Amino acid sequence: MPITWRKATRELHLHNGRLSLVLGVLENGWLGQLHFGAPLDPAASYAHLGPTDFGGFSNRIDEPIALVVPTPGSGDFRIPALVVEDAEGGSVLDLVYTGHRIVAGKPPLDGLPATYAEDPTEATTVEIDLEDAVAGLRATLTLTLFEDRPVVARSMRLTNAGPHRLTVRTAMSAAIDLPDGPWEVLGFSGAWARERHPHRAPLLPGRRSLGSLRGATGHQQDPSLFLLRPGANETAGEGFALSLVYSGNFLAEAESGPRGSSRARIGLHPEGFAWALDPGASFTTPEAVVAWSDAGIGALSDALHGLYRERLARGPWRDRPRPVLLNSWEGVYFDFDHARLVEMARAAADLGVELFVLDDGWFGERDSDTSSLGDWVVDPRKLPNGLGPLAAEVEAMGMAFGLWMEPEMVSPRSRLFTEHPDWAIGLPGRPRTEGRQQLVLDLSRPEVVDHLEATIAAILSSASIRYVKWDMNRNITEPHGGALPPDRQGEFFHRYMLGTYDLWDRLTTRFPEILWESCAGGGGRFDPGMLAYAPQAWTSDDTDAIERLAIQWGASHVYPLSSMGAHVSAVPNHQVGRITPLRTRATVAFFGVFGYELDPRALTDDERAEIRAQIAFYIEHREVFQRGRFIRLRSPFGNDDAAWMVVAPDRRTAIVAHVRILERPVPPPDRLRLRGLDPGLVYRVEQWPSADEAGVARREDHADRDAQPGSQRRGGDLLMAVGLDIEPAYPPSSAPRGDFSSRIWVLTAR
Ligand code: DGJ
């Protein structure tokens, strides 16, 4: 049993050989955190790591007691995990331990996305009850330890056990107290079209906050926070990764306290949040996942990737190979009709594409982004025969058919808005702010969720639709729940998310065979919450290969490649105007769920030949790309080159990519030290495409000048200790490859 209870010293020890979390009931009944980090002997007591003498405890102001659920107002002035206002308006809590239960497996989190155990032997959960008798509050903390994963999943259920209404003001999903410093904070921030760039800085006295108040996690901050020891790098050093399984307003925050201790917390953003808890009612926080490792940032990513790919994603598509798709958006935008789509589909099928996706513009009278969201009926001007015959034609070409939708939105110019203006979120008496000429439907209202379920289910049943891209293109303004009384408006943002999750749950349950991809103007709601319903997400609207290096590098800290949609698009790139070789666009997009987003009718013969080879290559190695271990080798940030690799679970195949962002004259010799290989195996190292295959490449692509004919044999030990010769000393380089060039090597154990 990886959770043990030491009755004599009242300690709970969560241990699985990968980490230890030791909690102790302190002398005053509070639940202390005695240790979180390296695995410790479960037979020993660690009570001495907590405060042992409570004699002077009334004088405890600012003492860095490590607590599991810190609360404000009684001497701990650091950021709290729980703030509940009682009937008198006070918010001091004295939460004392009253009992716990250890159960095999992991109970589901009602109405919220969460990680899970498929079999009770995979995880052990402890539910710990803490009570404040004065306020009449019971807080049940749930901690799950997964077998063989260095992660703990945590959430909290609050129950009003007293006679008066309580108001929850702050309810963090997780808080961790670390007795010593220094730490550094790594977060992933950006904007539309440049999401999730890593930013790392020392945790100075005070706070570092990342968060969202947009009603979605947003392009701006990922709902995660890494705490790293200074000097920790990809392969070495201690760190924690906190990641929230949620898609709405969130806060991820770290604080360095007055005596050098640190605290981190992650959960619902307290700003604007207030949840009224009437007698007998309960409130459950979203789940947070906390990973620990002393083997560097790469190991934290490994832990999150494995958990999110295998025990957060659900449904039959979790484990199925994901199809290579072609999406119509950047190819034709709103400008299509049945005949044009059929031509595109035919050209796509000829390339080897497996899934043809019709993006925005097929419904209502949607010729631009100014109308029709909410009117989920086929536009007869563009598709007079409807979706059924189109899907059938696509299927007859040997591809599956997929469709774009934006269920949560309504255009002011739409039938839905005319009929139900009150369903759009807005504050009575105030104008509604429009974003992309659209408004957000009030999914905190059950009738809106019912309507959307029925409307979307009708479309999904009307044709053979095998894939849905669920988009969400603006954030919430004038927040107000139309069906909520004034004293419950503080619940609105979270109730919106609960309604949205309910809709996702209903539709994914009704249509389990559909492959769902979430999207929010690219990566505006790419988060673990969405991954519980849609196993893949559109990583960014930016399809430029060089910007994508940065975005995918950042996103890969938390998210597995199987979750990251990555497409090759036309040049000049529509977001940044850059011209990159077709090969490099594919090199970067291979490291994700691969596809194309261009008009295949506009390709030259050479481009078609090259794309056929790219698709065949991806399909041949798709298992490795989608289920292998992703390893970051060289960061694109601040460097003029970048490299990463993916290794099959059995370590017999690996694929390495190197991108020369800016070419330099007279490049120095360079070896790329690989990782994750089997040191005892000999690998055949082949460049892809080979010199022969590269003959079909377009002339602008110089990257094949040193493609080796045939293959080399190299030991895994050598490739890791000495490296792969990417710029050999002998013979020195003679011809430049050019900016934005790239190379791929396939390593196969013999
Ligand atoms: C934003 C998405 O991110 C794009 O891929 C595309 O689907 C457009 N919306 C369509 O409006």
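Note that the structure is predicted; figures quoted are calculated from it, not measured.

Definitions and limits used
Residues numbered from 1 in each chain as written. Predicted model: local features only at pLDDT ≥ 70, side-chain atom pairs only at ≥ 80, totals over all residues. Heavy atoms only, no water. Salt bridge = Lys/Arg side-chain N within 4 Å of Asp/Glu carboxyl O. Helix = DSSP H or I, 4+ residues; strand = E, 2+ residues; numbered from the N terminus. Buried < 20%, exposed > 50% of the residue type's maximum accessible area, 1.4 Å probe, protein only. Axes fitted to C-alpha atoms, helices over the stretch in contact; angles between N-to-C directions. Parallel < 35°, antiparallel > 145°, perpendicular 65-115°, else oblique. Left-handed = near helix turned anticlockwise from the far one by under 90°. Contact = heavy atoms within 4.5 Å. Polar contact = N/O pair within 3.5 Å; in protein donor to acceptor, adjacent residues only side chain to side chain. Near = heavy atom within 4 Å. Areas by Shrake-Rupley, 256 points an atom, 1.4 Å probe, with all protein chains shown as cover. Nonpolar A, V, L, I, M, F, W, Y, C, P; charged D, E, K, R; others polar. Domains from an automatic or database assignment. Buried area = accessible area lost by both parts, 1.4 Å probe. Pairing = 2+ DSSP bridges.

**Section: the pattern of salt bridges**
Reasoning step 1: Scanning the entire structure with this criterion turns up 60 salt bridges.
Reasoning step 2: Measuring nitrogen to oxygen at the nearest pair gives 2.8 Å for the salt bridge that ties arginine 169 to glutamate 85. Of the two residues, arginine 169 is situated in strand S10 (residues 166-178) and glutamate 85 in strand S5 (residues 82-85); the sequence distance between them amounts to 84 residues.
Reasoning step 3: For arginine 169, a relative accessible area of 33% puts it in the partly exposed group.

**Some points on the packing of helix H3 (residues 338-351) against helix H4 (residues 387-396)**
Reasoning step 1: Interaxial distance between H3 and H4 falls to 10 Å at its minimum, and their mutual angle equals 20 degrees. The angle between H3 and H4 places the two elements in the roughly parallel class. The chirality of how H3 crosses H4 is right-handed. Contacts from His338, Leu341, Val342 and Ala345 of H3 reach H4 at Leu390, Glu393 and Val394.

**Section: the side chain of aspartate 222**
Reasoning step 1: Mapping aspartate 222 onto the fold places it in the loop between strand S13 (206-212) and strand S14 (224-228).
Reasoning step 2: Residue aspartate 222 is classed as buried on the basis of its relative accessible area of 1%.
Reasoning step 3: At 2.9 Å, the side chain of aspartate 222 forms a polar contact with the side chain of arginine 196.
Reasoning step 4: Setting aside residues up to four positions removed in sequence, aspartate 222 forms contacts with Phe188, Arg196, Phe250, Phe526, Val558 and Tyr559.

**Digging into the site of the ligand**
Reasoning step 1: In the neighbourhood of the ligand, 13 residues make up the surrounding shell, with Asp359, Asp360, Lys469, Asp471 and Asp541 lying closest.
Reasoning step 2: Here an oxygen atom of the ligand and a side-chain polar atom of aspartate 359 are 2.7 Å apart.
Reasoning step 3: Contact with the protein chains covers 98% of the free accessible surface of the ligand, which is 290 Å².
Reasoning step 4: Residue composition of the shell around the ligand, grouped by class: four nonpolar, three polar and six charged.

**Let's talk about the domain arrangement of the chain**
Reasoning step 1: Along its sequence, the chain is organised into domain 1 (3-311), domain 2 (316-627) and domain 3 (634-749).
Reasoning step 2: Summarising the inter-unit geometry, the C-alpha centres of domain 2 and domain 3 are found 34 Å apart.
Reasoning step 3: The interface is formed by 29 residues belonging to domain 2 together with 33 residues belonging to domain 3.
Reasoning step 4: When the buried surface of domain 2 facing domain 3 is broken down by residue, Trp553, Arg583 and Val624 rank first, second and third, together holding 28% of it.
Reasoning step 5: Applying the counting criterion to the domain 2 and domain 3 interface returns zero salt bridges.
Reasoning step 6: At the boundary of domain 2 with domain 3, the tally comes to three residue pairs in polar contact (both at pLDDT 80 or more).
Reasoning step 7: Mapped by element, the contributors of at least two residues to the side of domain 2 that touches domain 3 are helix H9 (545-555), helix H10 (582-589) and helix H11 (605-627).
Reasoning step 8: A total of 11 residues in the side of domain 2 that touches domain 3 trace back to one element, the largest contributor, which is H11.
Reasoning step 9: Among the residues making up the side of domain 2 that touches domain 3, the classes are represented as 16 nonpolar, six polar and seven charged.

**Digging into the side chain of serine 742**
Reasoning step 1: On the secondary structure map, serine 742 appears in strand S38 (residues 741-749).
Reasoning step 2: For serine 742, the side chain forms a polar contact with the side chain of threonine 584, separated by 2.9 Å.
Reasoning step 3: One polar contact links serine 742 to threonine 587, side chain to side chain, over a distance of 2.9 Å.

**What to know about the sheet that holds strand S27 (residues 515-518)**
Two modes of strand pairing occur in sheets, parallel and antiparallel, and in both the strands are linked by backbone hydrogen bonds.
Reasoning step 1: Spatially, eight strands are ordered S21-S22-S23-S26-S27-S28-S29-S30 in a closed barrel, and the strand pairing comes out parallel. Along the sheet, successive strands turn relative to each other by an average axial angle of 30 degrees, direction set aside.
Reasoning step 2: In terms of strand pairing, strand S21 (residues 325-327) meets strand S22 (residues 355-358) through three bridges, oriented parallel. The residue of S22 that forms the bridge with leucine 325 is leucine 355.
Reasoning step 3: Packed on one face of the sheet, H4 meets S22 and strand S23 (400-405) and runs near 140 degrees to S23.

**Section: the sheet that holds strand S33 (residues 653-660)**
Reasoning step 1: Pairing in this open sheet of six strands is antiparallel, and the strands run S31-S32-S33-S38-S35-S36 from one edge to the other. Every interior strand has two partners, whereas the edge strands, strand S31 (629-634) and strand S36 (712-715), have only one. If you compare each strand with its neighbour and ignore which way they point, the axes differ by 25 degrees on average.
Reasoning step 2: Pairing geometry for S31 and strand S32 (residues 641-647), over five bridges, is antiparallel. If you follow arginine 629 over to S32, its bridge partner there is valine 647.
Reasoning step 3: Across the sheet, H9 lies against S31, S32 and S33, angled at about 55 degrees from S32, the strand it touches most.
Reasoning step 4: Each of S32, S33 and S38 is contacted by H10, which is oriented at about 50 degrees to S38, the strand it contacts most.

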